[in-house]
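Structure at a glance
The primary structure of each chain is shown beneath.
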Amino acid sequence: MGVNPTKLEKLQQAIESILQVIRAAELQHQEAINLVAPEYRKSARNLIHYHALRDHDLRSIQKKLRNLGISRLANAQGHLEASLLKILNLLNCLQGHPLSVKKSGLSLKMARNILNRNTKELLGYRSKSRRVRIMVTQPTAAAHDYQLVLEMVRNGMNCARINCAHDH
């Protein structure tokens, strides 16, 4: 393939370092995670991982991953640890090492299922005519104008949001 083994090893070390950082953040926030309802704990862990990752400039790592044709973590926010473990596995394979199956708390498939379930619970089912859901921040007038809200629903609003930071 023509990939420099030293570069692969350094990239692998960088990914392992990120894994250490996100796991350390998880340990640091373990008490808060334990306070989360059990059905949301995996998502809470992932949120901690994501916040820890966002403290780092990943551009150099992303460029190297892109050059290898490997995920750049651009859409990994819902399953960060699983994505990092999969990248490590690919880097191991490129170096001629055997595949190692390391499981994370939140797999890619599980993360997608959780996202779909929570989206439906929060925003309802999507319309047959479009893939997106529409959330509308309600104006003050909506509190007293039934027709205004009814028209929003008729025009495609799936979910209403009330911004309590404004008005009264």
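It should be emphasised that the depicted structure is a prediction, and the values quoted were computed from it without experimental measurement. (Residues numbered from 1 in each chain as written. Predicted model: local features only at pLDDT ≥ 70, side-chain atom pairs only at ≥ 80, totals over all residues. Heavy atoms only, no water.)

Describing the overall build of the protein chain
Within the protein chain, the regular secondary structure consists of seven helices and two strands. In the protein chain, the succession of α and β elements from N to C terminus is α-α-α-α-α-α-β-α-β. Relative to the 2.2 N^0.38 estimate, which gives 15 Å for 168 residues, the radius of gyration of the protein chain is 21 Å and therefore markedly larger than a compact globule would have. Per-residue burial over the protein chain gives 29% buried out of 168 residues. Across the protein chain, the fraction of contacts at a sequence separation of at least 24, relative to all contacts at a separation of at least 6, is 62%. Of the roughly 11,900 Å² of accessible surface on the protein chain, 54% is carried by carbon and sulfur atoms. Taken together, the 26 basic and 12 acidic charged side chains of the protein chain have centroids lying 11 Å from each other. (Helix = DSSP H or I, 4+ residues; strand = E, 2+ residues; numbered from the N terminus. Rg over C-alpha atoms; globule rule 2.2 N^0.38 Å. Buried < 20%, exposed > 50% of the residue type's maximum accessible area, 1.4 Å probe, protein only. Contact = heavy atoms within 4.5 Å. Areas by Shrake-Rupley, 256 points an atom, 1.4 Å probe, with all protein chains shown as cover. Lys, Arg positive; Asp, Glu negative; His and termini not counted. Charge placed at Lys NZ, Arg CZ, Asp CG, Glu CD.)

Concerning the pattern of salt bridges
Counting across every chain of the model gives six salt bridges. Glutamate 81 is the salt-bridge partner of arginine 45, the closest N and O atoms lying 3.1 Å from each other. Taken together, the residues span a long stretch of sequence, with arginine 45 in helix α3 (residues 41–54) and glutamate 81 in helix α5 (residues 80–94) at a distance of 36 residues. According to the relative accessible area criterion, glutamate 81 is buried, its value standing at 8%. One salt bridge in this structure joins arginine 154 and glutamate 151, with 3.3 Å as the shortest N-O distance. Placement of the pair is arginine 154 and glutamate 151 together in helix α7 (residues 146–154), with a separation of three residues, close to one helical turn. The exposure class of arginine 154 is exposed, given its relative accessible area of 59%. Taken together, the shared-partner salt bridges in this structure form one network comprising Arg23, Glu26, Arg45 and Glu81. (Salt bridge = Lys/Arg side-chain N within 4 Å of Asp/Glu carboxyl O.)

Quick look at unusual backbone geometry
Even without being glycine, leucine 73 reaches a positive phi, approximately 70 degrees. Looking at where leucine 73 falls in the secondary structure, it is placed in the loop between α4 (59–68) and α5. You can call leucine 73 buried: its relative accessible area is 8%.

Things to note about the state of the cysteines
Following the criterion strictly, the structure yields zero disulfides and no others. There is no disulfide at cysteine 159, and the cysteine sulfur nearest it, in cysteine 164, is 13 Å away. Judged by its relative accessible area of 13%, cysteine 159 is buried. (Disulfide = S-S within 2.5 Å.)

Details of empty space enclosed by the protein
With a probe scaled to a water molecule rolled over the atoms, the places where space remains empty come into view. Counted according to the given criterion, the structure contains two cavities of 30 Å³ or more. Computed from the structure, the largest cavity encloses a volume of approximately 50 Å³. The class makeup of the residues in the lining of the largest cavity is two nonpolar, three polar and one charged. Its boundaries defined by the atoms lining it, the second largest cavity holds a volume of some 40 Å³. Lys42, Arg45, Asn46, His49, Glu81 and Leu106 are the residues that line the second largest cavity. If you tally residues by element for the lining of the second largest cavity, the top one is α3, at four residues. (1 Å grid on protein atoms, 1.4 Å probe; cavity = no way out; pocket = protein on both sides within 12 Å on 5 of 7 lines; lining within 4 Å. Points joined across faces, edges and corners; volume = space filled by probe spheres on them. Nonpolar A, V, L, I, M, F, W, Y, C, P; charged D, E, K, R; others polar.)

Keep in mind these values describe shape, not function.
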